[in-house]
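# What the coordinates show
Letter by letter, the chains look like this.
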Amino acid sequence: MTLQEALARHNPEDATANNALGAALVGAGHAERGIGYLQAALKARPDYFDAHYNLAFALAQQSDFEGASQQFRLALQLQPQDANAEANLGAALAQLGRFPEAGSYWERALQIDPNQPIAKENLDALQKETSPQ
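The following paragraphs examine the structure supplied in this document. Counting from 1, residues in each chain are numbered in the order their sequence is written. Only residues with pLDDT of at least 70 are given local features in this predicted model, and only at 80 or more are side-chain atom pairs given and counted; all residues enter the totals for whole chains, interfaces and linings. Each side-chain value is derived from all of the structure's non-hydrogen atoms; neither hydrogens nor water enter the calculation.

### Thoughts on the overall build of the protein chain
- Runs of E in the DSSP output that reach at least two residues are strands. Runs of H or I that reach at least four are helices, and both are numbered from the N terminus. Looking only at helices and strands, the protein chain features eight helices and zero strands.
- Three exposure classes are used, based on accessible area relative to the maximum for each residue type with a 1.4 Å probe and protein chains only: buried under 20%, partly exposed in between, and exposed over 50%. In the protein chain, which comprises 133 residues, the share counted as buried stands at 40%.
- Any two residues whose heavy atoms approach within 4.5 Å at even a single point are treated as in contact. For the protein chain, long-range pairs separated by at least 24 residues make up 40% of all intrachain contacts whose partners lie at least 6 apart in sequence.
- The protein chains shown are the only cover counted for residues, whose accessible areas, like all others here, come from Shrake-Rupley with a 1.4 Å probe. For the protein chain, the computed accessible surface area is about 7,300 Å², with 51% contributed by carbon and sulfur atoms.

### Points about the packing of aromatic side chains
- Two rings from Phe, Tyr or Trp (for Trp, the six-membered ring) form a pair when their centres sit within 6.5 Å of each other. Planes less than 30 degrees apart are called stacked, planes more than 60 degrees apart edge-to-face, and all others tilted. Under the criterion given, the structure shown has four aromatic pairs.
- Both rings, one in Y53 and one in F72, keep their centres 5.5 Å apart while their planes meet at 75°; by these two values the pair is edge-to-face. In this pair, Y53 sits in helix α4 (residues 49–61) while F72 sits in helix α5 (residues 65–78), placing the two residues 19 residues apart along the sequence. A single burial state applies to Y53 and to F72, both of which are buried.
- Ring geometry for F57 and F72: centres 5.7 Å apart, planes at 85°, overall edge-to-face. Separated by 15 residues along the polypeptide, F57 in helix α4 and F72 in helix α5 bring together distant segments of the chain.
- In this structure F72 comes out as buried when scored by relative accessible area, which is 2%.
- Only lysine NZ and arginine CZ atoms are considered, and such an atom sits over a ring when it is within 6 Å of the ring centre and within 35 degrees of the ring normal. A cation sits over an aromatic face here: R45 above Y48, 4.0 Å from the ring centre.

### Considerations on the side chain of N19
- You can see N19 is positioned in helix α2 (residues 15–27).
- On the basis of relative accessibility, which here comes to 7%, the residue N19 falls in the buried class.
- In terms of polar contacts, N19 uses its side chain to reach the backbone amide nitrogen of A51, at 3.5 Å.
- Discounting chain neighbours no more than four positions away, the residues touching N19 are Y37, L38, A41, Y48, D50, A51 and N54. Polar contact criterion, stated in full: a pair of N or O atoms within 3.5 Å, where within protein one must be able to donate a hydrogen and the other to accept it, and residues adjacent in sequence count only if both atoms are side-chain atoms.

### What to know about the side chain of N54
- Position of N54 relative to the elements: it lies in helix α4.
- Residues in contact with N54, not counting those within four places in the same chain, are N19, A23 and L38.

### Some details on unusual backbone geometry
- Phi is positive for S63, which is not a glycine, with a value near 65°.
- Secondary-structure assignment places S63 in the loop between α4 and α5.

### Section: helix α3 (residues 31–44)
- Residue count minus one, scaled by 1.5 Å, sets the expected span of a helix. Taking 1.5 Å as the rise per residue, α3 with 14 residues should run 20 Å; its terminal C-alpha atoms sit 20 Å apart, in good agreement.
- Those residues of α3 that sit buried are A31, G34, I35, L38, A41 and L42. Buried residues along α3 cover an arc of 125° about the axis, so they all sit on one side.
- If you follow the buried residues of α3, they end up packed against α2, α4 and α5. Note that the arc is computed from the directions linking the helix axis to the C-beta atoms.

### Remarks on the pattern of salt bridges
- Any carboxyl oxygen of Asp or Glu that lies within 4 Å of a side-chain nitrogen of Lys or Arg is treated as forming a salt bridge with it. In this structure the tally under the stated criterion is five salt bridges.
- Here R73 and E101 are joined by a salt bridge, their closest N and O atoms 2.8 Å apart. Placement of the pair is R73 in helix α5 and E101 in helix α7 (residues 99–112), with a sequence separation of 28 residues.
- For R73, a relative accessible area of 27% gives the class partly exposed.
- A relative accessible area of 27% means that E101 is categorised as partly exposed.

Encoded structure:
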């Protein structure tokens, strides 16, 4: 019996199991399949930080950066001190061309964790791009 079959048979509304299965599918490069499980996790438990975070990654993999940014924002409402969510929200916003807003999230990520690599790299690149020559 696969994990999907076990979940469907025993407890299809289990937020933790849906999140774990969705995240595994996203991590294996199957974002389109993982999204349904992540949405099921959030339906069962709307305040589930990990499911919002994982859904944001799945949406970003499908180039839905608006949807990804919305999910990262919801994750940050639940855990406002998460440097990774701040940095990834900035990355999603940058993909939408919203560079000043992205920069503010990268700065916030670095306030929380001065070594956050996504924020460091992207903020450095943004500053080089916008500084006078």
